[in-house]
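Letter by letter, the chains look like this.
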Amino acid sequence: MASVAVLGYGTVGSGVVEVLQKNADEITRKSGVRIDVKYILDIREFPGDPNENAIVHDFAVIESDPEVKVVAEAMGGLHPAYDFTRRALEAGKSVCTSNKELVAEFGTELTQIAAQHGVSYLYEASCGGGIPIIRPLRNALTADVITGLSGIFNGTTNFILTRMEKEGHDYADVLAEAQAMGYAERNPAADVEGYDTCRKLAILASLAYGVQISYKDIRTEGITKVTAADIAYASFLQYKIKLLGISRRSGDRVEAVVLPAMIGCDTPLYAVDDVFNAILVRGNMLDDVMFYGKGAGKLPTGSAVASDVIEAVVSGGKCGILPQGEPAVPVDPETMSYRFFVRIPENTDATQEKVSAVFEDASLINLEEYPQESAFVTGVMTEKEFTEKVAGLGSVTGWIRILPAE
Ligand code: HSE
């Protein structure tokens, strides 16, 4: 019997407990160990809950219990999650977490502390919810040099963009629906402004490339400026708009950005809709491989944390993620290349000539629903070149990058 503690009995914490208890027999069959949730730390009481007797309010109870070898942290936020994680590791307990904010900010330090104490800091659930991605990066893709890692890492924004596209719903209505379904973060800005995607990209790209990539170095744009008109033009062009985390490595240089982009059916990310996430990894031998599944939700995320708990229990805490190498050299995002979709607030006989004077090969697109404006697609160019050129048009309604560039 192995005793574990769960910190936080909210959506994810209760999911971890449910997975460990509901699948207890199967987990024992596969791992050879019986896992018992001895403590659940929460500030609230849960009268009538089947785990009522496991609830504790003082972390010191868990910290000082030598029977507890593994702690699942599902509190979210930086504090006190950081302090409890550190204390647990220093007390010789492995910690498994779903907390991407904490991993992105303090993951390197906590991984080092874990290594110093002969235990593990595991965070499978911090990226892609229930999708196994960190374990494959650690264990299965070790023979390859990973040269690219991109994807759709946020279920809420993917759900919003899918509903906007399929049902023509407004952004605000779909956001409320996503929150009601438990996908969105408490503060929706983390999702819709792209911060959640940015943290997940930093975590995954660091692991994939073996260098430290700070989320603070990743230029991040969310989906709040994407309009129903953008989506209508994207559909006309047979594209979808997706919030992407994109990274590429060349030597010690790493390109990494988070942005909404139009993508076509030539990328498998095109088919990733609703709350689903997908991570596309490119290896120098393997070529492309994609990981797809539910990126959010109580049980998928609980399942990912539980898988770390089982690994930590079975390995006696000796399964740790290795600390990453040197900090990466970030590439200036202005040097990255795309094609660009542009809308301008005019539709006259002179518009084509005006656009062609700046973007030679661009032909105008006019949709009946938007008679007062025109749109066009540019050739491939760097973002710097584009922003300089587009300034020559005067006012534009908006623009969106198109990927892949070629
Ligand atoms: N809010 C996140 C999402 C939850 O929508 O993907 C999982 O990290």
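Thresholds applied
Residues numbered from 1 in each chain as written. Predicted model: local features only at pLDDT ≥ 70, side-chain atom pairs only at ≥ 80, totals over all residues. Heavy atoms only, no water. Salt bridge = Lys/Arg side-chain N within 4 Å of Asp/Glu carboxyl O. Helix = DSSP H or I, 4+ residues; strand = E, 2+ residues; numbered from the N terminus. Buried < 20%, exposed > 50% of the residue type's maximum accessible area, 1.4 Å probe, protein only. Phe/Tyr/Trp six-rings, centres within 6.5 Å; stacked < 30°, edge-to-face > 60°. Lys NZ or Arg CZ within 6 Å of the ring centre and 35° of its normal. Expected span 1.5 Å × (residues − 1). Contact = heavy atoms within 4.5 Å. Arc of directions from axis to C-beta. Pairing = 2+ DSSP bridges. Axes fitted to C-alpha atoms, helices over the stretch in contact; angles between N-to-C directions. Parallel < 35°, antiparallel > 145°, perpendicular 65-115°, else oblique. Left-handed = near helix turned anticlockwise from the far one by under 90°. Nonpolar A, V, L, I, M, F, W, Y, C, P; charged D, E, K, R; others polar. Polar contact = N/O pair within 3.5 Å; in protein donor to acceptor, adjacent residues only side chain to side chain.

**Q** Is there a simple way to think about the pattern of salt bridges in this case?
**A** Across all of its chains, the model carries 32 salt bridges by this definition. For Lys216, the salt bridge identified is with Glu105, shortest N-O distance 3.1 Å. Of this pair, Lys216 sits in the loop between helix H10 (195-209) and strand S8 (219-220) while Glu105 sits in helix H5 (residues 100-116); the two residues are 111 residues apart in sequence, bridging distant segments of the chain. You can call Lys216 exposed: its relative accessible area is 56%. Glu105 sits in the partly exposed class, given a relative accessible area of 28%. For Asp273, the salt bridge identified is with Lys240, shortest N-O distance 3.1 Å. Within this pair, whereas Asp273 is found in the loop between strand S10 (253-263) and strand S11 (276-283), its partner Lys240 is found in strand S9 (residues 240-250), the two being separated by 33 residues in sequence.

**Q** Sorry if this is basic, but what is going on with the packing of aromatic side chains here?
**A** For the structure on display, the rule yields 13 aromatic pairs. The interplanar angle of 70° and the centroid separation of 5.6 Å between the aromatic rings of Phe340 and Trp399 together place this pair among those described as edge-to-face. Of the two residues, Phe340 is situated in strand S14 (residues 337-344) and Trp399 in strand S17 (residues 398-403); the sequence distance between them amounts to 59 residues. With centroids separated by 6.0 Å and ring planes inclined at 35°, the aromatic side chains of Phe359 and Phe386 adopt a geometry described as tilted. One end of the pair, Phe359, is in the loop between helix H13 (351-358) and strand S15 (374-377); the other, Phe386, is in helix H14 (residues 383-391), with 27 residues separating them in the sequence. When the ring centre of Tyr270 is taken as origin, the NZ or CZ atom of Lys240, which lies over that ring, is 4.4 Å away. Here Arg401 stacks its cationic end above the ring of Tyr338, 5.5 Å away from the centre of that ring.

**Q** Can you help me understand helix H1 (residues 11-22) in this one?
**A** Helix length check: H1 (12 residues) gives 16 Å between terminal C-alpha atoms against 16 Å at 1.5 Å per residue, within 8%. Those residues of H1 lying buried are Val12, Gly13, Ser14, Gly15, Val16, Val17, Val19 and Leu20. For H1, the secondary structure elements touched by its buried residues are strand S1 (2-7), helix H2 (24-31), strand S2 (35-41), strand S4 (68-73) and helix H12 (298-314).

**Q** Teacher, can you tell me more about helix H4 (residues 81-90) here?
**A** Residue pairs three or four apart in sequence face the same way in an α-helix, which turns once every 3.6 residues. Residues of H4 that are buried: Ala81, Tyr82, Phe84, Thr85, Ala88 and Leu89. Along the axis of H4, the buried residues cluster in a sector spanning 170°; they form a single face. Gly92, located one to two residues past H4, shows a positive phi value of around 80°.

**Q** Just checking my understanding: could you explain unusual backbone geometry for this structure?
**A** Trans peptide bonds make up most of the peptide bonds, and negative phi angles are found at most residues other than glycine. In this model, His79 is joined to Pro80 through a cis peptide bond whose omega is 10°. Phi is positive for Gln238, which is not a glycine, with a value near 65°. Along the chain, Gln238 turns up in the loop between helix H11 (228-236) and S9. Look at Asp274: it is not a glycine, yet its phi comes out positive at around 55°. Relative to the helices and strands, Asp274 resides in the loop between S10 and S11. Assessed through its relative accessible area of 29%, Asp274 is described here as partly exposed.

**Q** Can you walk me through the sheet that holds S1 in this structure?
**A** Two orientations exist for strands paired in a sheet by backbone hydrogen bonds: parallel and antiparallel. Pairing in this open sheet of 6 strands is parallel, and the strands run S3-S2-S1-S4-S5-S6 from one edge to the other. The open sheet has two free edges, formed respectively by strand S3 (55-56) and strand S6 (121-122), since each of these has just one partner strand. For S2 and S3, the ladder comprises 2 bridges, and the chain directions are parallel. The residue of S3 that forms the bridge with Leu41 is Val56. Lying on the sheet, H12 is in contact with S1, S2, S4, strand S5 (94-97) and S6; it crosses S5 at an angle near 165°.

**Q** Can you walk me through the packing of helix H7 (residues 155-167) against H11 in this structure?
**A** For any two helices packed against each other, the geometry comes down to the angle between their axes and how far apart the axes lie. Packing of H7 against H11 brings their axes to within 10 Å, and their N-to-C directions diverge by 70°. When the interaxial angle is binned, H7 and H11 end up roughly perpendicular. Crossing of H7 against H11: the hand is right-handed. Residues Leu161, Met164 and Glu165 of H7 lie in contact with H11, whose contacting residues are Ala228, Ile231 and Ser235. Of the residues in the contact of H7 with H11, the class split is 4 nonpolar, 1 polar and 1 charged.

**Q** What should I look at first to understand the pairing of S17 in this one?
**A** Every regular strand shows the same layout, with side chains that alternate between the two sheet faces. Burial of S17 is extensive: 5 of the 6 residues sit out of reach of the surface. In this sheet, S17 lies alongside S10 in parallel orientation, the contact comprising 3 bridges. Looking at the pairing, Met262 lines up with Ile402 of S17. Bridging between S14 and S17 involves 5 bridges; their strand directions are antiparallel. The residue bridging Phe340 from the neighbouring strand is Arg401, located in S17.

**Q** Quick question: what am I supposed to make of the environment of Arg135 here?
**A** Residue position: Arg135 is located in helix H6 (residues 134-140). A C-alpha to C-alpha distance of 56 Å links Arg135 and Thr348, two positions 213 residues apart in sequence. Contact partners of Arg135, with chain neighbours within four places excluded, come to Glu124, Ala140, Ser307, Asp308 and Glu311. A distance of 2.5 Å separates a polar atom in the side chain of Arg135 from a polar atom in the side chain of Asp308. At a separation of 2.7 Å, a polar atom in the side chain of Arg135 contacts the side chain of Glu311.

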